Amino acid sequence: NVMQKLKIAVIGCGHWGKNLVRNFSELGMLKYVCDANTSHSQDIAKKYNVESKSMDDILQTDVDGVVIAAPAEQHYDIATASLEAGKHVFVEKPLSLKVNEAQELCELSAQKNKTLMVGHLLQYHSAFLKLKDLVRGGKLGKLQYIYSNRLNLGKFRNEENIL
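Predicted, not measured: the structure shown is a model, and the values here were computed from it.

Q: I keep staring at unusual backbone geometry and nothing clicks. Help me out?
A: For residues besides glycine, phi is generally negative; the peptide bonds are generally trans as well. Note the cis peptide between Lys93 and Pro94, where omega equals -5 degrees. Phi is positive for Asn49, close to 55 degrees, though the residue is something other than glycine. When you line up the elements, Asn49 lands in the loop between α3 (38–48) and β3 (51–52).

Structure (structure tokens):
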């Protein structure tokens with residue numbers, strides 16, 4: 001299975017990154033972890049039996065892909081460096097805090113022939129998948145309007161406030 005042969009590094013092992021570390025470890029793909037707090041990344045590395053490395057060191061390894069769960073203001077720089085190093089990139093949302101930077105990343109990934117993916121958690125949520133199936137199957141009739149409200153806002157992130 002090709003999935004098991006991929007080697008992944010997770011950059012950012014904090015609030016959400018620790019979930020990605022766990023998931024890629026369970027898939028047998030996790031090779032390296034990195035966090036600005038090196039003692040934290042060393043603890044995570046020990047827990048998942050992988051190496052903790054700096055981002056620069058990771059980009060010089062043979063990992064196939066880099067998963068970015070660092071603070072949003074770092075996404076563009078880390079994703080750019082990762083693509084330039086020839087890695088596939090998964091970035092937690094937002095891809096960038098600036099539209100032009102997001103466009104540049106898309107162009108760079110095409111230029112380098114590498115996958116660039118943004119993590120939109122609810123896109124794969126079982127409730128949304130079921131709703132899509134119901135709509136596709138015509139079970140709800142002709143849709144005029146859908147309204148959804150997420151009541152748990154999660155962690156409040158001031159650095160991403162678009163207002």
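Q: Please explain a nonpolar patch on the surface as it appears in this structure.
A: Taken together, the side chains of Leu131, Val135, Leu140, Leu143 and Ile146 present a nonpolar region at the surface, about 370 Å² in accessible area. Counting through the fold element by element, Leu140 comes out in the segment after α7 (126–136).

Q: Quick question: what am I supposed to make of the pattern of salt bridges here?
A: Within the structure shown, the criterion is met by 5 salt bridges. The partner of Lys112 in a salt bridge is Glu84, with the nearest N and O atoms 3.5 Å apart. Remark: Glu84 occurs in helix α5 (residues 75–84) and Lys112 occurs in helix α6 (residues 99–112); sequence separation between them is 28 residues. Residue class for Lys112 comes out partly exposed when judged on its relative accessible area of 33%. For Asp133, the salt bridge is made with Arg136, and the minimal N-O distance between the two is 3.9 Å.

Rules and cut-offs
- Residues numbered from 1 in each chain as written.
- Predicted model: local features only at pLDDT ≥ 70, side-chain atom pairs only at ≥ 80, totals over all residues.
- Heavy atoms only, no water.
- Helix = DSSP H or I, 4+ residues; strand = E, 2+ residues; numbered from the N terminus.
- Patch = residues over 30% accessible without salt bridge, like charges linked within 9 Å, V, L, I, M, F, W, Y side chains within 5 Å.
- Areas by Shrake-Rupley, 256 points an atom, 1.4 Å probe, with all protein chains shown as cover.
- Salt bridge = Lys/Arg side-chain N within 4 Å of Asp/Glu carboxyl O.
- Buried < 20%, exposed > 50% of the residue type's maximum accessible area, 1.4 Å probe, protein only.

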